[in-house]
Amino acid sequence: MSKPTGPIPPQFAEQEQLTIGGRTAEQWVEAAGDTPLFVYDVGSIGDRLARLRAALPDIVDIHYAVKANPWEPLLAQVAPLVGGLDVASAGEMVKALAVKPAQHISFAGPGKRDNELEAAIRAGVTLNAESVGEVDRALRIGKRLGLAPQIAIRVNPDFELRGSGMKMGGRASPFGIDVASVPGLVRKLTDAGAQWRGFHIFAGSQSLDTAAIIETQAATVDLAARLAGEAGAVPPLVNLGGGFGIPYFHGDTPVDIAAIGTALAEKLADMPVNLSGSRFAIELGRWIVGEAGVYLTRIVDIKTSGEESFWVVDGGLNHQLAASGNFGTVVRRNYPIAVADRLDHLADVETSVVGPLCTPLDRLGDRVVLPKAEVGDLIAIFCAGAYGASASPSGFLGHPAAREILANAKNS
Ligand SMILES: *Cc1c(COP(=O)(O)O)cnc(C)c1O
């Protein structure tokens, strides 16, 4: 029995053959030199961000979570379109500092080492502190350097984002500091001479449930207000987290950005007094870049085994782990997939699309129905812009890394 595939992102659907920024898939491969290849459509990223910016109240900044796609040429394009960059390692911080001033960069993630804390303090990057111990180490390092660390407190919220693929709140967690410890810690770090930058509250990721996102944002504002009241200080910035998902699978529908913006504007119009003077941010990775990326891989072999057809392509989970269902998914489902130059052809061939790795996990399309194709044709896997190249085990089996290229890039 064949299995459904996810929806092709609207900017690529309804085409006769796949074109990205005016060039066909084959032209992109020629420009990049070879397959496998990630093409990132920067124009569509700009369009999405403009739409989100228009939907959100002015008091809310948009931050980009760099780990979704840290490729420097892409980051250089995204940075001017967002108010801040959120990084999760010193390596990402170095990339972010190349394209954004330090006061617009924050550094989250558990297990920051002393040398990472020191690099952030020296650069003036905000540390989103993940534990009491990390605050203590940052204060010590700041004292030794004679510099005031910029510290925001990442709060482990006492609720979670409903319907999110990855839950980050409402339970014991390696991320953030439990609510009860937060007010005392704010007082402690300001007494010690650090610059308190506010709260970072991230309740979950990859949710397509608009109502749940609205509810979580409201609860996050309330939690920030309560903690600010208990701490006796107004947070300069309240980072409300993100969690906007994108449609990867059959039946998924996009989140309603306009509805989220309206609800957030209403919530913030009635601002709790403890937050009067605060700014706000939402931080998004996958929503910003995910649908802009297409992974192109060429059919090397077509074979049948038993009753089943297999198209073997030249790239797989070594570059696009998530599409193989091995990156944080419980049940494997098919990403949107197509024969690149036959988007409008009748789909009447049931086949599995498998990568070149010697593991049964390397399956990009499981019993999908596609138009008839031949060896040499290009297969496109959509929704490849986030958690693709950098989140896949490219060293596994020793095939070359995937190439990456920008479409619709602005010259800097
Ligand atoms: C990973 C991460 C994000 C981005 O999540 P997306 O699902 O890509 O939007 C945002 N904030 C924090 C703290 C993260 O760890």
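This is a predicted model, so every value here is computed, not measured.

Conventions we followed
- Residues numbered from 1 in each chain as written.
- Predicted model: local features only at pLDDT ≥ 70, side-chain atom pairs only at ≥ 80, totals over all residues.
- Heavy atoms only, no water.
- Helix = DSSP H or I, 4+ residues; strand = E, 2+ residues; numbered from the N terminus.
- Rg over C-alpha atoms; globule rule 2.2 N^0.38 Å.
- Buried < 20%, exposed > 50% of the residue type's maximum accessible area, 1.4 Å probe, protein only.
- Areas by Shrake-Rupley, 256 points an atom, 1.4 Å probe, with all protein chains shown as cover.
- Lys, Arg positive; Asp, Glu negative; His and termini not counted.
- Charge placed at Lys NZ, Arg CZ, Asp CG, Glu CD.
- Contact = heavy atoms within 4.5 Å.
- Near = heavy atom within 4 Å.
- Polar contact = N/O pair within 3.5 Å; in protein donor to acceptor, adjacent residues only side chain to side chain.
- Nonpolar A, V, L, I, M, F, W, Y, C, P; charged D, E, K, R; others polar.
- Salt bridge = Lys/Arg side-chain N within 4 Å of Asp/Glu carboxyl O.
- Pairing = 2+ DSSP bridges.
- Right-handed = clockwise from strand over helix to strand, strands pointing away.
- Domains from an automatic or database assignment.
- Buried area = accessible area lost by both parts, 1.4 Å probe.
- Axes fitted to C-alpha atoms, helices over the stretch in contact; angles between N-to-C directions.
- Parallel < 35°, antiparallel > 145°, perpendicular 65-115°, else oblique.
- Left-handed = near helix turned anticlockwise from the far one by under 90°.

Enquirer: Outline the overall build of the protein chain, listing residues and values.
Expert: Along its length, the protein chain carries ten helices and 21 strands. Computed over C-alpha atoms, the radius of gyration of the protein chain comes to 22 Å, within 12% of the 22 Å expected from 2.2 N^0.38 for 412 residues, which places it in the range of a compact globule. Along the three orthogonal principal directions, the C-alpha set of the protein chain runs to about 70 × 40 × 40 Å. Every one of the 412 residues in the protein chain was classed for burial, and the buried ones make up 53%. Of the roughly 16,800 Å² that the protein chain leaves accessible, carbon and sulfur atoms contribute 52%. The positive charge centre, built from 36 side chains, and the negative charge centre, built from 45, are 7 Å apart in the protein chain.

Enquirer: Account for the environment of proline 356, naming residues and giving values.
Expert: Here proline 356 shows up in the loop between strand 18 (349-354) and strand 19 (363-370). Sequence separation of proline 356 and alanine 76 is 280 residues, and the distance between their C-alpha atoms is 32 Å. Not counting residues up to four positions away in its chain, the partners in contact with proline 356 are Val313, Asp314, Gly315, Gly316, Asp362 and His399.

Enquirer: For the site of the ligand, give the residues involved together with the corresponding values.
Expert: In the region of the ligand, the neighbouring residues are Ala65, Lys67, Arg154, His200, Phe202, Ser205, Glu283, Leu284, Gly285, Arg286 and Tyr387. Within the contact set of the ligand, an oxygen atom lies 2.5 Å away from a side-chain nitrogen or oxygen of serine 205. Contact between the ligand and tyrosine 387: an oxygen atom at 2.5 Å from a side-chain N or O atom of the residue. Protein chains bury 91% of the 380 Å² of accessible surface belonging to the ligand in isolation. When grouped by side-chain class, the residues that make up the shell around the ligand number four nonpolar, three polar and four charged.

Enquirer: Lay out the pattern of salt bridges in plain terms, naming residues and giving numbers.
Expert: Under the counting rule described, the total for this entry stands at 17 salt bridges. Salt-bridge contacts for glutamate 118 lead to arginine 144; the nearest nitrogen and oxygen are separated by 3.2 Å. Of this pair, glutamate 118 sits in helix 5 (residues 114-123) while arginine 144 is found in helix 6 (residues 132-145), placing the two residues 26 residues apart along the sequence. Aspartate 158 is the partner of arginine 226 in a salt bridge, and the nearest nitrogen-oxygen pair spans 3.7 Å. Remark: aspartate 158 occurs in the loop between strand 8 (150-156) and strand 9 (164-167) and arginine 226 occurs in helix 8 (residues 210-231); sequence separation between them is 68 residues. For aspartate 158, a relative accessible area of 47% puts it in the partly exposed group. Because the salt bridges share partners, they merge into one network encompassing Lys3, Arg363, Asp366 and Arg367.

Enquirer: Kindly report on the pairing of strand 11 (residues 195-201), identifying the contributing residues and their values.
Expert: Side-chain positions along a regular strand alternate between the two faces of the sheet. Across the seven residues of strand 11, five count as buried, placing the element largely inside the fold. In the sheet, strand 8 pairs with strand 11 via six bridges, with the strands oriented parallel. Residue pairing for strand 11: valine 155 is matched across the bridge by isoleucine 201. Taken together, the three bridges between strand 11 and strand 13 (residues 237-239) define a ladder with parallel strand orientation. The residue bridging glycine 198 from the neighbouring strand is leucine 237, located in strand 13.

Enquirer: So what about the side chain of serine 106? Which residues, and what values?
Expert: With respect to the secondary-structure elements, serine 106 resides in strand 6 (residues 105-107). A polar atom in the side chain of serine 106 sits 2.3 Å from the side chain of aspartate 86. Dropping the residues within four chain positions of it, serine 106 is found in contact with Leu85, Asp86, Val87, Val125, Thr126 and Asn128.

Enquirer: Residue-level account of the pairing of strand 7 (residues 126-129), with values.
Expert: Both faces of strand 7 are covered, namely the face carrying Thr126 and Asn128 and the face carrying Leu127 and Ala129. By the bridge criterion, two bridges tie strand 6 to strand 7 in an arrangement that is parallel. Across the sheet, residue phenylalanine 107 finds its bridge partner in strand 7, namely leucine 127. Of the crossover connections in this fold, the one passing from strand 7 over helix 6 to the parallel strand 8 is right-handed.

Enquirer: Can you lay out the domain arrangement of the protein chain for me, pointing to particular residues and giving the numbers?
Expert: The domains assigned to the protein chain are domain 1 (19-40 + 290-407) and domain 2 (70-284). Look at where the C-alpha atoms of domain 1 and domain 2 centre, and you get two points 34 Å apart. The partner domain 2 presents nine residues to the 13 residues of domain 1 that form the contact. Taken as a group, Arg333, Glu404 and Leu406 account for 37% of the area that domain 1 buries against domain 2, more than any other trio of residues on that side. Joining domain 1 to domain 2, the criterion identifies zero salt bridges.

Enquirer: For the packing of helix 7 (residues 182-191) against helix 8, give the residues involved together with the corresponding values.
Expert: At their nearest, the axes of helix 7 and helix 8 sit 8 Å apart, and the two run at 50° to each other. With respect to helix 8, the element helix 7 is oriented oblique. Between helix 7 and helix 8 lies a crossing of right-handed hand. Contacts between helix 7 and helix 8 involve Val182, Pro183, Val186 and Arg187 from the first element and Leu227, Glu230 and Ala231 from the second. Partitioned by chemical class, the residues of the contact of helix 7 with helix 8 number five nonpolar, no polar and two charged.

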